Amino acid sequence: MKKLAIPLALCAVGLVLTAFSFMGSKKGNADDIDISIEKSSFIMPAAHRVYANPDAMDGKYYLFKAKITNNSSQTLEDVTVKYRIPNYVDWTELTVSGEMFPGQTLVVPCYPKFKNDITEKTTESVEKAEIEITWDGADDDDIIEEDFSFKLTNRNEYVYTGIKSEEISSWADMYDNDALIACFVTPNDPIVKYYTQNLQEKLLKGESASVTRKPEDAVRFLTGIYEATRRSHMVYSGTKGIPKSTEDVQSIVQQVRLPREVITGNTGLCIELSVLYASVLSAAGIDPIIYMVPGHAYPGFRMNGQYYAIEATGIGGEGLGNIMSAEDAFKQGQKQLNKFIQQSQAGDPRYTIVDIHNVNAQGVTSMDLKDNDFMRKKVDDIVASWSDGQQVQPNNNGNNTIRVPDNRIRTNNNALSFAIPSGWQTVMQPAPQMPILTAQVMAPDQSTTVSVFDVQTNNVQDAMLTINQHMMNFGMEMQYQANGGNGLIGQTYSSNGTFNWIGKILQTRQGIRFVAVGSPDYMYQQNSGIINQVYNSIR
Amino acid sequence: MKTLVKNIIVCVLLFGMKINAQSQQKIEMRIDSIGNAKLNISMSMNAQEWQIWNSNYGNNPSALKRDIERGMPAYFLDDFKLEKDDMNRSFNLSLNAYGACEINKRGKWMVDTEQKNAQLTELAENKYMLVSSPPEYGGGLQQTFIIELPKEAKNIKTDKNAFGKSVFEFDMDAPSSGFNVMRWAGILLVVIGGGWAGKSAISKNQ
């Protein structure tokens, strides 16, 4: 019997080990699940719809993302990830993964759906988010619970960047949230709509810029907004804008009064006035633009590929003096816009635009605001103040001194004239190696170009041959055909691709002038409106 | 739903680069047996593009990594490796994306292309090609995606989700749990002990 004791003991140990090997891997437990969380330091209620939308700005704005790895040797079934934010969001299922294999990683981003009343939040608070991870057959002890805190700002707070201070390397990083200013643009706010309707009806006595798509009509509307603010004695005034730290993020946090608050409070800072203009322009069907420059912002609009601006803070205030007329504010805005374009083309990253409708299309949409009788009455009082002066006259009326810039290029011998869209840049003799290229006019985004060639010959074919020869010296080749009358249509090929154009042949005292306007082939279709507009204005 | 393919389109755009002629970019996405993706992005450029790319990223790979991470905010990425070939003005960037595909409630593995009516070409049993031209470049950039699903993937189907976007759907078994030392040691001891006991019992009877 003694001889059997040792082998039987070995058998027993072997059985125990085998049993343990099955017991130990029967199912995963909390220790086998590795979880790491990356969270946002703050949430801006004004942008709650952006945070709720995984597609907005390609999913850039989330509350947290969790990386969950199954380190057990067993497949977990029905892995469920839930979260909640007490007082704001109830338990919400983020994902259910049917199976989670050993070693598999699950990445779960959370785009929280706050209720619309979050836009009524007027104080800042620190909130807690709770996360729960469970799976089929998990014991109560195995349920994973994690939490973290974050800052929920008030509805007026606009945080310029969410990038950690140690990661900031450029101006763009410091103003990484520029697009979110569009959340403060509220064309659908009933108060803004009411204000816009009154502006269109009572001050402008009719307005049709969104229908006619004529820049002069839109400029009339833009200056009409200015006139409305000036007549109601709206004043420029500052609000709190201070640097704040939230864990790893350090940023300027600006209090931005909403357009309805600017209207009824009759005062605003540059960014607030810009947001008001953008809201009213958008409500009227015009594409609003906010120009962001170092230490300042001003509004404008884009129409038919052209950009316009106004200096909204020209209203100043009686206490500040220097109240500009609408004409001067528009001139000042256009002057600033010229500088903006120059700086921007020179590659200065501090000069940026927020194209409101463009960022709206990327999911950055405005906050929901409820109607308010008190505010409507305030708007009525403001509208009454407009009747003190005269209405803004239509652009074609002789009394109006505001004119849309003509921007026509004219040569001394009166041989050439065509309309240069606002914001485009003219360069005389852009290529000294090609003396026949007299001038080039370029769109701000450089996608559309007008080229003016002067060739000393009286024969059109010779002129085109000369131009083509010059082109060949630069590795380019033209092909073209007649396009009715003195028109030509063609392409220029080079290693940079194909450039499509339409052009006109003009006779000058010195010879032949050829003016071509076009775009790279892949952009020609989308720029065809402005190309035809320029082409038709060539005289 | 994971939308890795579209996010790659966004992240590999080589920010700040002005695309002149049609540039070509090749993106290989190899998914392993636990749903992680290994990405290889390669591109050749003309002299002007190469100069701009180098000044933005080529000489500052940390900026490239940072911008890719920002361009793909919903992912956990790591193991970035950048290889430049200055002589041929080309680069190859590789990185890992965790949890690029996952198993849905019905137990099916899903990979979302986020492209409507994607023209997928089957190159091999588990290998597909997708050619895309991101509209933000007006046709100036052509991206060729090679999507390689795990060898273990079965019943691969290309389907459309509720939004009409193309998705891959397939079955895959759990990878074997590997060599379990405790279990095999236990079995070995039972065999040795049993053999020893048997031998002792036989010799005792003799």
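Quick notes on the rules
- Residues numbered from 1 in each chain as written.
- Chains lettered and ligands numbered in written order.
- Predicted model: local features only at pLDDT ≥ 70, side-chain atom pairs only at ≥ 80, totals over all residues.
- Contact = placed C-beta atoms within 7 Å.
- Helix = DSSP H or I, 4+ residues; strand = E, 2+ residues; numbered from the N terminus.
- Nonpolar A, V, L, I, M, F, W, Y, C, P; charged D, E, K, R; others polar.
- Pairing = 2+ DSSP bridges.
- Axes fitted to C-alpha atoms, helices over the stretch in contact; angles between N-to-C directions.
- Parallel < 35°, antiparallel > 145°, perpendicular 65-115°, else oblique.
- Left-handed = near helix turned anticlockwise from the far one by under 90°.

Draft legend 1. Region of the structure containing the interface of chain A and chain B. Tallying the contact residues gives 39 residues for chain A and 45 residues for chain B. Those elements giving two or more residues to the side of chain A that touches chain B turn out to be helix 1 (2-24), strand 3 (64-70), strand 5 (89-100), strand 6 (105-110) and helix 13 (521-537) of chain A. The residue inventory of the side of chain A that touches chain B, partitioned by class, reads 18 nonpolar, 14 polar and seven charged.

Draft legend 2. Examining the sheet that holds strand 1 (residues 33-39) of chain A more closely. All names here are of chain A. The three strands lie next to each other as 1-3-6, forming an open sheet whose pairing is antiparallel. A strand with exactly one partner marks an edge of an open sheet, and here the two such strands are strand 1 and strand 6. Going from strand to strand, the sheet's axes swing by 15° on average, the running direction of each strand aside. For strand 3 and strand 6, the ladder comprises six bridges, and the chain directions are antiparallel. Each bridged residue has a counterpart across the sheet, and for Thr 69 the counterpart in strand 6 is Thr 105.

Draft legend 3. Spotlight on the packing of helix 4 (residues 190-203) of chain A against helix 11 (residues 373-386) of chain A. Residue and element names in this part refer to chain A. Direction vectors running N to C along helix 4 and helix 11 enclose 20°, while the axes themselves pass 10 Å from each other. By the angle class used here, helix 4 and helix 11 are roughly parallel. As for the relative orientation of helix 4 and helix 11, their crossing is right-handed in sense. Judged by residue contacts, Ile 191, Tyr 194, Tyr 195, Asn 198, Lys 202 and Leu 203 of helix 4 engage Met 375, Arg 376, Val 379, Val 383 and Trp 386 from helix 11.

Draft legend 4. Spatial organisation of unusual backbone geometry. Residues and elements named next belong to chain A. Phi is positive for His 233, which is not a glycine, with a value near 60°. Along the chain, His 233 falls in the loop between helix 6 (215-231) and strand 10 (235-236). Residue Asn 266 is not a glycine yet carries a positive backbone phi of 60°. Among the secondary structure elements, Asn 266 is positioned in the loop between helix 7 (259-265) and strand 13 (267-268).

Draft legend 5. Focus on the pairing of strand 14 (residues 287-293) of chain A. All names here are of chain A. The sheet contact formed by strand 14 and strand 15 (residues 296-303) spans seven bridges and is antiparallel. Opposite Tyr 291, over in strand 15, you have Tyr 298 as the bridge partner. Counting the residues between successive antiparallel strands, the hairpin from strand 14 to strand 15 contains two residues, one of them, Gly 295, with a positive phi of roughly 75°. Judged from the four bridges that link them, strand 14 and strand 17 (residues 352-355) form a sheet pairing that is antiparallel.

Draft legend 6. Quick look at the sheet that holds strand 5 of chain A. Residues and elements named next belong to chain A. Strand order across the open sheet formed by five strands is 2-8-7-4-5, with mixed pairing between neighbours. A strand with exactly one partner marks an edge of an open sheet, and here the two such strands are strand 2 (42-43) and strand 5. Where strand 2 lies against strand 8 (residues 144-152), two bridges are found, and the strand directions are parallel. Residue pairing in the sheet places Ile 43 in a bridge with Leu 152 of strand 8.

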